[in-house]
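Fold and contact review
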Amino acid sequence: VLELLKGLQRGSEDRKRSLSRLRWALQNKETQQKFVRLDGSIRTLIGLFTSSLADMQMEAARCLHELSHSSDPAVAEACLPVTSYLLTYLSGHSVEFTELCLYTLGNLVVESKAVRKQLLPQGIIPVLASCIQSPHEAVLEGLGYVLSQLLQAKEAPAEIIPLVLDSVLPQHMLRLVCSGLKAGMGAAVEFAWCLHYIVCSHTANAALLSLGALPALTSLLLDLASEIPQDAPEGLELLICPVLRCLSNLLAEETSCEVQIQDERLLVALFLILQCFLQKHPFIIQESLWLLNNLTADEPFFCSALLSLDLLPALLQLLPCSQMASVLVLTVLCNIAEKGPAYCQQLHRQPALPLLLPTLALPDPEVVGQCLELLHLLFLHWPEAAADFVRQGGHQALEQHRSTPELQERVQALLDMVRQPPGASAFSPGHATLSAFS
């Protein structure tokens, strides 16, 4: 490596070959660390990176890109002097060169707060904002990568997101995400995750809601679901996941009540997505159920729609999928039951109780606890359900949890309810909008 560096510094005619060999050498972690400690190494690379010879520039850019892959913050910080040049070269040159600069920036900001701290006053956000109207999918995908890395930084809510909100980036990101596959899968996925990270900060949700994020993302989800039965493109779940999360978190905001969506097609879309990805990508189940919970938590419209569209059997089938799926399915059922007698009567008509008995037999206190919440609501609002529960052997199912410390009070309350007409509420139901994964 030292010989290669000397060859570059001497300006030998074979510098391009030396650069190419150096690029391959820099794929090794130890070589990266040794290279940045050599006197004048980064300065020499910058000199070639800023030269007027395009092929030399490209090779130097590839060397810097290899260095940016290092997980050692010392290597990233050694590259600090190159950051201003990387920003400058985002406005021009070839698509491949711009893409390379973007991914190098994205890799550097992941590993070093010092790099992020230097890039902000250098104007990285305005520069990225100027790139977002690029017609090239590769550039947009690289731009999304840089932004997603910046937005995941610990200091993002206080230092980065305000700058992003003051730029044109949010509306353009929303546009590119909602254009779905037309903008290219990679770019749409990157920007969807960017929106998710902004939403998770909670300080920006009012701004996104004012841009029409809720109806726009709802419409996108309907479009994506409509493509599923025909020929879903590979990787579609990678786009659906952050879209579901954004919608869940936006619905969890109190301010979103003013722009609450009431479109039963959204439920149909959710269950189509669940049906499609149930076996191959089971993580989508949890994402969909978070959204379903937040749709039904306060709004009777979606509770009624879920029943009238006969989607309850499909929901109940998800009970055994996983521990978290069980909790979320039961929480959605609690949301419905909490709406009163008419809703509890319909739940009772469906095969809900027979499926709850095996759930009560599970050893997981969280799942059993949520099941007890649901039974309490059913018995309170529709006493016939309590009588039916006893006939099916529910009394014995409850008895086995009397010695579980965190459950015994609620179990006793339910046993009292099935022995006599229901009176005042013994414990409060667990239903609330839930912020999806931060």
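An unreviewed UniProt entry lists the protein under the name TMCO6 protein, with Oceanites oceanicus as the source organism.

**Examining the overall build of the protein**
On a plain count of helices and strands, the protein comes out with 28 helices and zero strands. For a compact globule of 438 residues, the expected C-alpha radius of gyration is about 22 Å, and the protein comes in at 28 Å, more than 25% above that figure. Counting only C-alpha atoms and orienting by the principal axes, one finds that the protein spans roughly 95 × 40 × 40 Å. Within the span of the protein, comprising 438 residues, buried residues form 55% of the whole. Counting contacts in the protein only where the partners sit at least 6 residues apart, residues at least 24 apart contribute 74% of the total. When the accessible surface of the protein is split by element, carbon and sulfur atoms take 52% of a total near 18600 Å².

**What about the environment of Pro363?**
Among the secondary structure elements, Pro363 is positioned in the loop between helix H24 (352–360) and helix H25 (365–381). A relative accessible area of 78% places Pro363 in the exposed class. Residues Pro363 and His401, 38 residues apart in the sequence, show an inter-C-alpha distance of 9.5 Å.

**Considerations on the domain arrangement of the protein**
Accessible area lost on assembly of the parts is the figure often given for the size of an interface. Domains assigned within the protein are domain 1 (1–122), domain 2 (134–249) and domain 3 (261–423). For domain 1 and domain 3, the distance between their C-alpha centres works out to 56 Å.

**Things to note about helix H3 (residues 29–37)**
Taken as a whole, H3 has its buried residues at Thr31, Gln32, Gln33, Phe35 and Val36. The opening residue of H3, the one whose side-chain oxygen lies 2.9 Å from the backbone nitrogen of Glu30, is Asn28.

**Regarding the environment of Gly235**
One can find Gly235 in the loop between helix H16 (213–231) and helix H17 (236–252). Residue Gly235 is classed as buried on the basis of its relative accessible area of 11%. Sequence separation between Gly235 and Gly186 is 49 residues; the distance between their C-alpha atoms is 9.2 Å.

**Considering the side chain of Thr104**
Mapped onto the elements of the fold, Thr104 is located in helix H8 (residues 95–111). The class for Thr104 is buried, based on a relative accessible area of 2%. Ignoring anything within four residues of it in the chain, the contact list for Thr104 reads Ala61, Leu64, His65, Ser68 and Leu86.

Scoring rules and cut-offs
Residues numbered from 1 in each chain as written. Predicted model: local features only at pLDDT ≥ 70, side-chain atom pairs only at ≥ 80, totals over all residues. Heavy atoms only, no water. Helix = DSSP H or I, 4+ residues; strand = E, 2+ residues; numbered from the N terminus. Rg over C-alpha atoms; globule rule 2.2 N^0.38 Å. Buried < 20%, exposed > 50% of the residue type's maximum accessible area, 1.4 Å probe, protein only. Contact = heavy atoms within 4.5 Å. Areas by Shrake-Rupley, 256 points an atom, 1.4 Å probe, with all protein chains shown as cover. Domains from an automatic or database assignment. Polar contact = N/O pair within 3.5 Å; in protein donor to acceptor, adjacent residues only side chain to side chain.

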